[in-house]
Amino acid sequence: MMHPLVSHAISAPKELEQQTMASFKEDHGKTLIPSRKPQTVIVARRPDSGGKEGSVISLLANHFLVQFDSSQKIYHYNVEITPHPSKEVARAIKQNLVDRNSDLLSGALPAYDGRKNLYSPVEFQNDKLEFYISLPIPTSKLSSNYGDVYDSKEKHEKLKLFRINVKLVSKINGKELSSYLSKEGDDWIPLPQDYLHALDVVLRESPTEKCIPVGRSFYSNSMGRSKDIGGGAVGLRGFFQSLRPTQQGLALNVDFSVTAFHESIGVIPYLQKRLEFLRDLSQKKTAQLTAEERKEVEKALKNIRIFVCHRETVQRYRVYGLTEDITENLWFADRDGRNLRLLTYFKDHYNYDIQFRKLPCLQISRSKPCYLPMELCVICEGQKFLGKLSDDQTARILKMGCQRPGERKTIIEGVMRGQVGPTSGDQEREFKLNVSREMTRLTGRILHPPKLKLGEGGHVRNLTPSRHDRQWNLLDGHVFEGTKIERWALMSFGGTSEQKSNIPRFINQLTQRCEQLGIYLNKNTVISPQFESSQVLNNPLLLESKLKKIQRSASNNLQLLICIMERKHKGYAFLKRIAETSVGVVSQCCLYPNLSKLSSQFLANLALKINAKVGGCTVALYNSLPSQIPRLFQIDEPAIFMGADVTHPHPLDDFSPSVAAVVGSMNWPTANKYISRIRSQTHRQEIIQDLGAMVGELLEDFYQEVEKLPGRIIFFRDGVSETQFYKVLQEELQSIRTACSRFQDYKPLITFAVVQKRHHTRLFPFELDQSSTQNHFLYENIPPGTVVDSVITHPKEFDFYLCSHWGVKGTSRPTHYHVLWDENQFTSDELQKLVYNLCYTFVRCTKPISLVPPAYYAHLAAYRGRLYLERSSESLGLFKGSSTLSRAAPPKTAPLPKLSENIKKLMFYC
């Protein structure tokens, strides 16, 4: 349906036409003059010298200044090695090359990325060089003779010959980068990537040689012993490092990091730890695996590197799969073509009796039959754990990485001065770099908290959060908008008879707590509490029929279903999918252990969630956005805040779709109720495929609620890595515009900002003079409202760090907001204030949250979509896919089940 444009159409300002039409350079250096098309976009520039509001705070950031000599040439060489080696082998080859050919390489100590790029501070003797190097290789490629896998005659490891071709690609200097960072250059030139990338490789050289590299992080036992986290995994400490262009110049961002690795133990004990059904495997040597168990074992071992312990060898193998047959039934052909039984072979050659004869063997070649008995294999060290960690493992990893600010700061400073860090080699001297060992000092600002408005019925009707953690309580206040819940039901799954006997008390106390908060919850349920066994949660069809029966008993008009479970259960996902897509009711789940205590806080949290899900809200800003930012917002000119996120399946999942969610605010000027659109899309697709349709639907809904289309769209996009900024902006901005073009003469002003929680910048409070401090209560973490938009931010673009929450555990992670497009022309102060104020309007709690609510709600909605998907794929019995080394094209995306009409406009996902 077409709507007339809101009467106050705002045309794009002149400066934006400039922004759109300015020519720009691609990374490869060609100047492109964009045609006058809407899809040509230039990332927004910082509108001013930074914000001014708030009180000043002294801070340290984990950025270490890197000074470089801009006249220092770096010679970039391309390296071709045949046959193609792994990164580890390639590094060994490079080391051998440097040690033995100092003259040809002009005495240089070049930096190498393990693939094709070699960077040297001096020119080699020739632009093209060729070398031959022989190395004893722990290869995962098997030689043609099958017997080599088993042969004990490997007294001398075979040498493998490599040919290395080194060819000069370019000579680069740092003048362009220097000019870019000094803000002297043309404002529109892109970041000179080549020199920056070269320096990044240079500063990684030393850690790569001494640690286990994983992505941009490095792990080492020198940072503390590994810790068993259960399930065949260990946690290892390390550090992250990344070279970033910032306002103060080039900075090395270094942070403490922890990740999970496979434990280096025998394959049999590994399986006993990893898989519940194999715990007592050593007692069950004669038991055979079922088809389902075999699939689980294969999934647990696939692609893991192992070595054998029945002979001396440096050879390493990669597990390709399991044999179809069990070990006692396996035969193979030896070099002379004779058929040998595997059991007999090991007895004759190694005098070894294979114990686990009923288990399959490991298959270690894709094409040839190459079998290794599990009990003779050990998992190689230093392999990142790629599967999905269990809740327990995740908790242990988080605990390992949870350091208070002082402790984290000490660890990071230790890395910068330590034996394995970025400054532990000769690269600084070789490439004329000066890397600071001190964290960056800077000043931030603490924004003032907004005054909040509560419901009319309470004693306290407004308040300003004044506690240090900016938390407030609703002791004498009502929620801003309390709902009336007449028809509701309660279901229990499992639980002891004693636990079940607490239900009447729970209902009584919850209704009372709701009343105190200005929410009406009928003391009587429409049907007496339904007690089911936990098994019902495993059976979607049975669960659905029971939910439908309850819905019928409320004349198909049930407002709320409270479900109590004895423990966390995978059937939670069935329940949510069935309730929201088939039955059409919002549900609130809680656990029996929480019912035994029934603290006032627990009941209040539950009440806030229920109220929001049924259509109410917790607080509003006392001074509306139009009164706070009058230059941009007016009461009669509505704006919409949108949030978007994409969640991807875990790393070993090669087939599940990704899930995209978009939410939009549906009231103005309160802007605290958001409805959602959720879609599945191509596996690991970063761009939101259906964004145009989703935004269009949200604008329709907004028009129905507010009776006007919004003149401004402020769009917060979560889940985008820096490398994808430009692509996401280009495609998604166009999708939003296309959605707007569905309405007649409708051209709202759009601001597109990326929100990042997954970055490694940390801020620490900094006391210049310890003796002068009057206040004995020192914040260990930075206080809520701390904002930084200078020194460590982008040299030219519009970004800032805002820590809007109080960090109770560990070290606070400020959220990074990066504005990619801004037709609304926010000042730094206006946007920072807007985001911080919105953080107080989150419906689930009475404190400011760490992420702007539209982005947080989008994250919750996408997670809900993932639940629908996992469950429906299992209940449809879809095959769970067996990942191979080379991933096939992702399968066709299954759409999500459609939401019931009666909950579509509610915050059921919160």
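Given the structure is predicted, the values throughout are model-derived calculations rather than measurements.

Reading the values: the criteria
- Residues numbered from 1 in each chain as written.
- Predicted model: local features only at pLDDT ≥ 70, side-chain atom pairs only at ≥ 80, totals over all residues.
- Heavy atoms only, no water.
- Helix = DSSP H or I, 4+ residues; strand = E, 2+ residues; numbered from the N terminus.
- Buried < 20%, exposed > 50% of the residue type's maximum accessible area, 1.4 Å probe, protein only.
- Contact = heavy atoms within 4.5 Å.
- Phe/Tyr/Trp six-rings, centres within 6.5 Å; stacked < 30°, edge-to-face > 60°.
- Lys NZ or Arg CZ within 6 Å of the ring centre and 35° of its normal.
- pLDDT = per-residue confidence, 0-100.
- Pairing = 2+ DSSP bridges.
- Patch = residues over 30% accessible without salt bridge, like charges linked within 9 Å, V, L, I, M, F, W, Y side chains within 5 Å.
- Areas by Shrake-Rupley, 256 points an atom, 1.4 Å probe, with all protein chains shown as cover.
- Salt bridge = Lys/Arg side-chain N within 4 Å of Asp/Glu carboxyl O.
- Lys, Arg positive; Asp, Glu negative; His and termini not counted.
- Charge placed at Lys NZ, Arg CZ, Asp CG, Glu CD.

## A closer look at the overall build of the protein
- Broken down by element type, the protein carries 21 helices and 42 strands.
- Burial analysis of the protein (910 residues in total) assigns 55% to the buried set.
- Within the protein, contacts between residues at least 6 apart in sequence are counted, and of these 75% link residues at least 24 apart.

## Structural notes on the packing of aromatic side chains
- Taken as a whole and assessed by the stated rule, the structure comprises 21 aromatic pairs.
- An angle of 70° between the planes, with centres 6.4 Å apart, marks the rings of tyrosine 345 and tyrosine 350 as edge-to-face.
- Here tyrosine 345 falls in the buried class, since its relative accessible area comes to 7%.
- On the numbers, 5.1 Å between centres and 25° between planes, the contact of phenylalanine 715 with phenylalanine 752 is stacked. On the criterion of sequence distance, the pair formed by phenylalanine 715 in strand β37 (residues 712-718) and phenylalanine 752 in strand β38 (residues 749-756) is long-range, its members being 37 residues apart. Exposure class is identical for phenylalanine 715 and phenylalanine 752. Each is buried.
- A network of ring pairs unites the aromatic residues Tyr674, Phe842, Tyr856, Tyr857, Phe908 and Tyr909 as a single cluster.
- Cation over ring: lysine 451 sits above tyrosine 622, and NZ or CZ is 4.0 Å from the ring centre.
- Its guanidinium or amino end placed over the ring of tyrosine 180, lysine 796 lies 4.6 Å from that ring's centre, counting from NZ or CZ.

## Here we look at the confidence of the model for the protein
- Mean pLDDT over the protein: 90, with 89% of residues reaching 70 or higher.
- Note on residues 139-147: pLDDT under 50 across the span, and 24 contacts to partners over four residues away in sequence or across chains.
- Under a pLDDT of 50 for its full length, residues 872-886 has, in the predicted model, 21 contacts with residues more than four places off or in other chains.

## Re the pairing of strand β4 (residues 63-68)
- Both β4 and strand β14 (residues 249-262) contribute to a ladder of 3 bridges, which runs antiparallel. Looking at the pairing, histidine 63 lines up with asparagine 253 of β14.
- In this structure, β4 lies alongside strand β23 (residues 433-435), joined through 3 bridges in antiparallel fashion. Counted as the bridge partner of valine 66 is valine 435 from β23.

## What about the sheet that holds strand β22 (residues 377-379)?
- Read across the sheet, 3 strands follow the order β16-β15-β22 without closing on themselves; strand pairing throughout is antiparallel. The sheet is open, and its two borders are formed by β16 (317-318) and β22, each paired with just one other strand.
- Sheet topology note: the strand β15 (residues 305-308)/β16 ladder contains 2 bridges and is antiparallel. Across the sheet, arginine 305 pairs through a bridge with arginine 318, a residue of β16.

## Some details on a positive patch on the surface
- On the surface, a cluster of positive charge is contributed by Lys227, Arg396, Lys399 and Lys809.
- Within the fold, lysine 809 resides in the loop between β41 (798-803) and β42 (815-822).
- Residue classification places lysine 809 among the exposed residues on the basis of a relative accessible area of 69%.

## A look at unusual backbone geometry
- Residues threonine 82 and proline 83 are joined by a peptide bond in cis, for which omega reads -5°.
- Of note, proline 83 is situated in the loop between β5 (74-82) and α2 (87-100).
- Here asparagine 556, not a glycine, exhibits a phi torsion of approximately 55°, which is positive.
- On the accessibility criterion, asparagine 556 (52% relative accessible area) is exposed.
- Positioned with a positive phi, leucine 598 is a non-glycine residue whose angle comes to about 50°.
- Mapped onto the secondary structure, leucine 598 falls in the loop between α15 (592-597) and α16 (600-614).
- By relative accessible area, leucine 598 is classed as buried at 7%.

## Digging into the pattern of salt bridges
- Following the criterion strictly, the structure yields 46 salt bridges and no others.
- Of the charged contacts in the structure, one is a salt bridge between glutamate 205 and arginine 91, with a shortest N-O distance of 2.9 Å. Pair noted here: glutamate 205 is in helix α4 (residues 193-210) and arginine 91 is in helix α2, with a separation of 114 residues, a long-range link.
- Residue classification places glutamate 205 among the buried positions, given a relative accessible area of 1%.
- With a relative accessible area of 15%, arginine 91 lands in the buried category.
- Beyond isolated ion pairs, a larger network of salt bridges with shared partners links Arg677, Arg679, Asp690, Glu697, Asp701 and Lys905.

## A word on the environment of glutamate 413
- Locating glutamate 413 in the fold gives a position in helix α9 (residues 405-417).
- Each C-alpha atom of the pair glutamate 413 and aspartate 255 lies 9.4 Å from the other, and the pair is 158 residues apart in sequence.

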